[in-house]
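# Coordinate inspection notes
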Amino acid sequence: MPTTRRPLRSAQWFGTADKNGFMYRSWMKNQGIADHQFQGKPIVGICNTFSELTPCNAHFRQLAEHVKRGVLEAGGFPVEFPVFSNGESNLRPTAMFTRNLASIDVEEAIRGNPIDAVVLLAGCDKTTPALLMGAASCDVPAILVSGGPMLNGKHQGKAIGSGTVVWQLSEQVKAGTISLHDFMAAEAGMSRSAGTCNTMGTASTMACMAEALGVTLPHNAAIPAVDSRRWVMAHMSGMRIVQMAWDDLRLSQILTREAFENAIRTNAAIGGSTNAVIHLKAIAGRIGVDLALDDWTAIGRGTPTLVDLQPSGRFLMEEFYDAGGLPAVLRRLGEHGLLPHPGALTANGQSIWDNVKDAPQYNDEVIRPLDRPLTADGGICVLRGNLAPRGAVLKPSAATPALLTHRGQAVVFEDFDDYKARINHPALDVTPDSVLVMKQCGPKGYPGMAEVGNMGLPPKVLAQGVTDMVRISDARMSGTAYGTVVLHVAPEAADGGPLAVVRQGDWIELDARAGRLHLDIPEAELSARLADWQAAHAAAPKAAVPGHRPGAAPGYRGLYVEHVLQADEGCDFDFLVGCRGSEVPRHSH
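What comes next is a walk through the structure. (Residues numbered from 1 in each chain as written. Predicted model: local features only at pLDDT ≥ 70, side-chain atom pairs only at ≥ 80, totals over all residues. Heavy atoms only, no water.)

Now for the overall build of the protein chain. Counting its secondary structure elements, the protein chain contains 21 helices and 14 strands. By the compact-globule yardstick of 25 Å for 589 residues, the protein chain fits well, its C-alpha radius of gyration being 24 Å. A principal-axis box enclosing the C-alpha atoms of the protein chain has dimensions of 75 × 60 × 45 Å. Nonlocal contacts in the protein chain, meaning residues at least 24 apart in sequence, comprise 77% of its contacts between residues at least 6 apart. For the protein chain, the accessible area works out to roughly 22000 Å², and carbon and sulfur atoms hold 53% of it. When the 53 positive and 60 negative side-chain charges of the protein chain are each reduced to one mean point, those points stand 3 Å apart. (Helix = DSSP H or I, 4+ residues; strand = E, 2+ residues; numbered from the N terminus. Rg over C-alpha atoms; globule rule 2.2 N^0.38 Å. Contact = heavy atoms within 4.5 Å. Areas by Shrake-Rupley, 256 points an atom, 1.4 Å probe, with all protein chains shown as cover. Lys, Arg positive; Asp, Glu negative; His and termini not counted. Charge placed at Lys NZ, Arg CZ, Asp CG, Glu CD.)

Okay, the packing of helix α9 (residues 202-213) against helix α13 (residues 275-287) next. For the pair α9 and α13, the least separation of the axes is 10 Å and the interaxial angle reads 40°. In terms of their interaxial angle, α9 and α13 are classed as oblique. Pair α9 / α13 crosses with right-handed handedness. Seen from α9, the contacting residues are Thr-202, Thr-205, Met-206, Met-209 and Leu-213; seen from α13, they are Asn-275, Ala-276, His-279, Leu-280 and Ile-283. Among the residues making up the contact of α9 with α13, the classes are represented as six nonpolar, four polar and no charged. (Axes fitted to C-alpha atoms, helices over the stretch in contact; angles between N-to-C directions. Parallel < 35°, antiparallel > 145°, perpendicular 65-115°, else oblique. Left-handed = near helix turned anticlockwise from the far one by under 90°. Nonpolar A, V, L, I, M, F, W, Y, C, P; charged D, E, K, R; others polar.)

Bringing the environment of Ile-472 into the picture now. Positionally, Ile-472 belongs in strand β11 (residues 470-473). Each C-alpha atom of the pair Ile-472 and Ile-508 lies 9.9 Å from the other, and the pair is 36 residues apart in sequence. The contact partners of Ile-472, leaving out residues within four places of it in the chain, are Leu-387, Val-435, Leu-436, Val-437, Met-438, Met-455, Val-486, Val-489, Leu-499, Ile-508 and Leu-517.

Turning to the packing of aromatic side chains, a few remarks are in order. Pairs of aromatic rings are described using the distance from one ring centre to the other and the angle between the two planes. According to the stated counting rule, one finds eleven aromatic pairs in the structure shown. Taking the centre distance of 6.0 Å and the plane angle of 20° together, the rings of Phe-416 and Tyr-419 count as stacked. Placement of both Phe-416 and Tyr-419 in helix α18 (residues 416-422) is noted, with a separation of three residues, approximately one turn of the helix. Site record: aromatic cluster; members linked through ring pairs are Phe-97, Tyr-556, Tyr-560, Phe-573 and Phe-575. (Phe/Tyr/Trp six-rings, centres within 6.5 Å; stacked < 30°, edge-to-face > 60°.)

With that out of the way, let us pick up the pattern of salt bridges. Scanning the model with the defined rule gives 38 salt bridges in all. Between Lys-68 and Glu-80 there is a salt bridge whose closest N-O contact spans 2.9 Å. Taken together, the residues span a long stretch of sequence, with Lys-68 in helix α3 (residues 60-73) and Glu-80 in strand β2 (residues 77-82) at a distance of twelve residues. Note that Glu-107 is salt-bridged to Arg-286, the shortest N-O span being 3.9 Å. Highlighted residues: Glu-107 in helix α4 (residues 99-112) and Arg-286 in helix α13, separated in sequence by 179 residues. When its relative accessible area of 0% is taken as the criterion, Arg-286 is described as buried. The network of salt bridges with shared partners includes Glu-107, Glu-108, Arg-111, Arg-286, Asp-572 and Arg-580. (Salt bridge = Lys/Arg side-chain N within 4 Å of Asp/Glu carboxyl O. Buried < 20%, exposed > 50% of the residue type's maximum accessible area, 1.4 Å probe, protein only.)

A few words now on the nonpolar core. Residues Phe-260, Leu-280 and Phe-320 are the most contacted members of the largest nonpolar core, which totals 101 residues. In this structure, Leu-280 is in contact with Met-206, Met-209, Leu-213, Phe-260, Ala-263, Ile-264, Leu-291 and Trp-296, ignoring residues within four places of it in sequence. Ala-399, Ala-410, Val-470 and Leu-519 belong to the second largest nonpolar core, which has 30 residues in total. (Core = buried A, V, L, I, M, F, W, Y, C linked by side-chain atoms within 4.5 Å.)

Strand residues, when the strand is regular, have side chains that alternate between the two faces of the sheet. Of all five residues making up strand β4 (residues 142-146), five are buried, and the element is well covered by its neighbours. Alternating positions in β4 separate into two faces, Ala-142, Leu-144 and Ser-146 on one and Ile-143 and Val-145 on the other, with burial throughout. Strand direction decides the pairing type here: strand β3 (residues 117-122) and β4, joined by five bridges, are parallel. Directly across from Leu-120, in β4, lies its bridge partner Leu-144. Read as a crossover between parallel neighbours, the route from β3 over helix α5 (residues 127-138) to β4 is right-handed. (Pairing = 2+ DSSP bridges. Right-handed = clockwise from strand over helix to strand, strands pointing away.)

Moving on: α4. An ideal rise of 1.5 Å per residue puts 20 Å on 14 residues; α4 measures up with 20 Å between its terminal C-alpha atoms. Residues of α4 that are buried sit in contact with α1 (11-14), β1 (43-48), β2, β3, α5 and α13. (Expected span 1.5 Å × (residues − 1).)

Turning to helix α21 (residues 555-563), a few remarks are in order. Residues of α21 that are buried: Arg-557, Gly-558, Tyr-560 and Val-561. Each buried residue of α21 sits inside an arc of 160° when the element is viewed along its axis, so together they form one side. (Arc of directions from axis to C-beta.)

For β1, the tally of buried residues reaches six of six residues, placing the bulk of the element in the interior. Residues of β1 alternate between two faces, with Ile-43, Gly-45 and Cys-47 on one and Val-44, Ile-46 and Asn-48 on the opposite face, all of them buried. Summarising the sheet, β1 and β2 pair through six bridges and their orientation is parallel. Looking at the pairing, Ile-43 lines up with Phe-77 of β2. You can see the chain leave β1, run along α3 and come back into β2, and the turn it takes is right-handed. With five bridges joining them, β1 and β3 adopt parallel strand pairing. The residue of β3 that forms the bridge with Asn-48 is Leu-121.

Strand order in this open sheet of four strands is β2-β1-β3-β4, and the pairing throughout is parallel. Edge positions in the sheet fall to β2 and β4, since each has one partner strand and no second. Taken over all neighbouring pairs, the strand axes of this sheet differ in orientation by 20° on average, direction set aside. Relative to the sheet, helix α10 (residues 228-247) contacts β1, β3 and β4, its axis offset from that of β4 by approximately 175°.

Quick look at unusual backbone geometry now. Of note, the amide linkage connecting Arg-92 to Pro-93 takes the cis form, showing an omega dihedral of 0°. Checked against the element boundaries, Pro-93 lands in the loop between β2 and α4. A cis amide bond links Tyr-446 with the next residue in sequence, Pro-447, at an omega value of -5°. Note that Pro-447 resides in the loop between β10 (435-438) and α19 (459-462). Phi angles above zero are rare outside glycine, and His-219 is one such case at about 80°. Structurally, the position occupied by His-219 is in the loop between α9 and α10. For His-219, a relative accessible area of 28% translates into the label partly exposed.

This is the structure we're talking about:
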């Protein structure tokens, strides 16, 4: 603790001998809090995304208790508060639809309350970016504690990966290689404990991104949810945030341009989810860092994927932690000059290199050496061309190498319902060389940009032994999924992007190595189609909001569709971009 204490933000609630101070203190004391407990101490908010409807975060009540112990030990006073918990597994139409809403909850809860610093408890996919976005908009001292991955799934005596096994087995059912009974038997074994998906899905990716950004303590990302060391991590984070409050170590000092460049390089090394592209852009936008889609090419491409985890590889998060976790990966990158900014500051007050330079590395099969990578170039592939003028993305480590350069005819689905209605029909005009194209699944079109981009293959193709095809959409896909899947096409179809006018039988060219996605029709033809689309769209009734009855009040859905940005801009709301700070609002009475 510093010998000279800075003025605390919470003192503007609790530190005055007047009517307002009386009210704030008195109402807090109805919980049995003694006066000395919160006078002159940092008030640490514990931002909790616990919900029984978010199974990944169902253990967060216990996690918060361990954070509180740490805060108290370090001389702070903890106050836990709930925020919207947007769990991916149950929430429809998609948790992405409410990510920005959750960030608003976080931002206003921090700014409007007597909080000097905050511990962010995040786990399921969108809770990590939502909490970081909200906290970044306030720019207070903050540290993130992840809930951790669940234990390895088990089925028929083998380890199975959560999420990934769903895509694998459902395709095998459609191909007729396993029975429905075999498929359903895996259900109970996939999720054996509390925690997030145990693959390198979006939850684990974003936990790794948070650690690479420096907003967590080292080793936070990979400790399993039910491992006692997860409780220790929570306790130590609670202790650390008190010192961060006294030091006024704010997110803007940690979430720098250099930190985001470290995270982009790290995402390539771990074989991370494509969803990180959208979330990092949104977080950067809140803290005022200029991050562009092309940065993923400039910084990430050429980086080998070292982590051999599903869905790209073989192992799961338990093995990753046992092998050394993210510090081992960062050390390996740093030793070969591949960590862009080793001096970047982290939440413990040390540089990221100081945190990892002596990190143990226990298993070269799980965390591979650079001369034996899982994928030689694992950086997110950014594609551009007349089909995606503002970009699209593809994950090379999860794709079929032979399909990264491909030319095929489009099999077009006008929306997700059209895809569901036709994909299994024996008469579907499709071959293994076809390109599956799906529209109206972007931020505005779905709305919310659901994880439907990894379209299941037609049974008639699966029956031929084919396991992958090129697929293109303006949707996202789960980080647990795999395949040669082009995602985040921008502008999206609902916003008048060229994807909207792709027709059945059009030839499409994909050249991932050259970063090219091309609709092979004359430029004049494309312009004419787009003009026709714009004319038809202008004549359409304006009252219709996707997913609503005619004449129904649009509510949040209407606000979302009107204000959400495109995928290349991070899908934040246009009015939320930027840092608004933590200036104390006026009194409530």
